[in-house]
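As a plain string of letters, each chain reads:
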Amino acid sequence: MTSILNVAAAVLTIGFGLFGFLAPAWTAASLDLAPTNSTMGLSEMRASVGGLFVVTGIAVIWLNTPMAYAMLGVVYAGAALGRFVSVILDHPPLIKAMTFGGIELILALWLILANINRPS
């Protein structure tokens, strides 16, 4: 069961990344990010919200070790931390921020707790 949920979390990561990679304008709009006078924002979406997540998810599946899945959890923990700090300091739309943060937190907790002490 752990292996199935690990792979599902990695595939979900790839799916999240594909939105940023293939549809950066839609992803930016979904995140309430506004365009400027250049297309650098689209480049950033493809890189940090897209390609980074796609390649990380693929690498975790390829490595297929408990520590790789735990490290994916650490990545999600960092995202959740940033999201919750933003709720306090930046006051983004609460429902949207808490929904994204909640998903990140659930993935972080699962991936870390289910894998950190699991033998390879």
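Here, the structure is the one placed above.
Here the structure is a predicted model, which means the values were calculated and not measured.

### Quick notes on the overall build of the protein
In step 1: From N to C terminus, the protein includes five helices and zero strands.
In step 2: Reading the helices (α) and strands (β) of the protein from amino to carboxyl end gives α-α-α-α-α.
In step 3: In terms of C-alpha radius of gyration, the protein reaches 15 Å, essentially the compact-globule figure of 14 Å for 120 residues.
In step 4: C-alpha extents for the protein along the principal axes are approximately 50 × 30 × 15 Å.
In step 5: Taking all 120 residues of the protein together, 28% fall into the buried category.
In step 6: Restricting to contacts in the protein with at least 6 residues of sequence separation, those with at least 24 account for 71%.
In step 7: Counting only carbon and sulfur atoms, one obtains 76% of the accessible surface of the protein, whose full area is about 7,400 Å².
In step 8: Within the protein, the 4 negative side-chain charges are centred at a point lying 10 Å from the centre of the 4 positive side-chain charges.

### Quick look at the layout of surface pockets
In step 1: The calculated volume of the largest pocket comes to roughly 760 Å³.
In step 2: The wall of the largest pocket is formed by 25 residues, among which Leu 31, Val 49, Arg 83, Phe 100 and Glu 104 lie closest to the centre.
In step 3: Taken together, the elements giving at least two residues each to the lining of the largest pocket come down to α1 (2-22), α2 (24-30), α3 (40-63), α4 (66-89) and α5 (94-115).
In step 4: Looking at side-chain class alone, the lining of the largest pocket contains 15 nonpolar, five polar and five charged residues.
In step 5: Space inside the second largest pocket adds up to approximately 230 Å³.
In step 6: If you go around the second largest pocket, you meet 13 residues; those closest to its centre are Ala 28, Ala 34, Pro 35, Gly 41 and Leu 42.
In step 7: For the lining of the second largest pocket, the elements supplying multiple residues, two or more each, are α2 and α3.
In step 8: Looking at the lining of the second largest pocket, the element that brings in the most residues is α3, giving four residues.

Cut-offs used in this document
- Residues numbered from 1 in each chain as written.
- Predicted model: local features only at pLDDT ≥ 70, side-chain atom pairs only at ≥ 80, totals over all residues.
- Heavy atoms only, no water.
- Helix = DSSP H or I, 4+ residues; strand = E, 2+ residues; numbered from the N terminus.
- Rg over C-alpha atoms; globule rule 2.2 N^0.38 Å.
- Buried < 20%, exposed > 50% of the residue type's maximum accessible area, 1.4 Å probe, protein only.
- Contact = heavy atoms within 4.5 Å.
- Areas by Shrake-Rupley, 256 points an atom, 1.4 Å probe, with all protein chains shown as cover.
- Lys, Arg positive; Asp, Glu negative; His and termini not counted.
- Charge placed at Lys NZ, Arg CZ, Asp CG, Glu CD.
- 1 Å grid on protein atoms, 1.4 Å probe; cavity = no way out; pocket = protein on both sides within 12 Å on 5 of 7 lines; lining within 4 Å.
- Points joined across faces, edges and corners; volume = space filled by probe spheres on them.
- Nonpolar A, V, L, I, M, F, W, Y, C, P; charged D, E, K, R; others polar.

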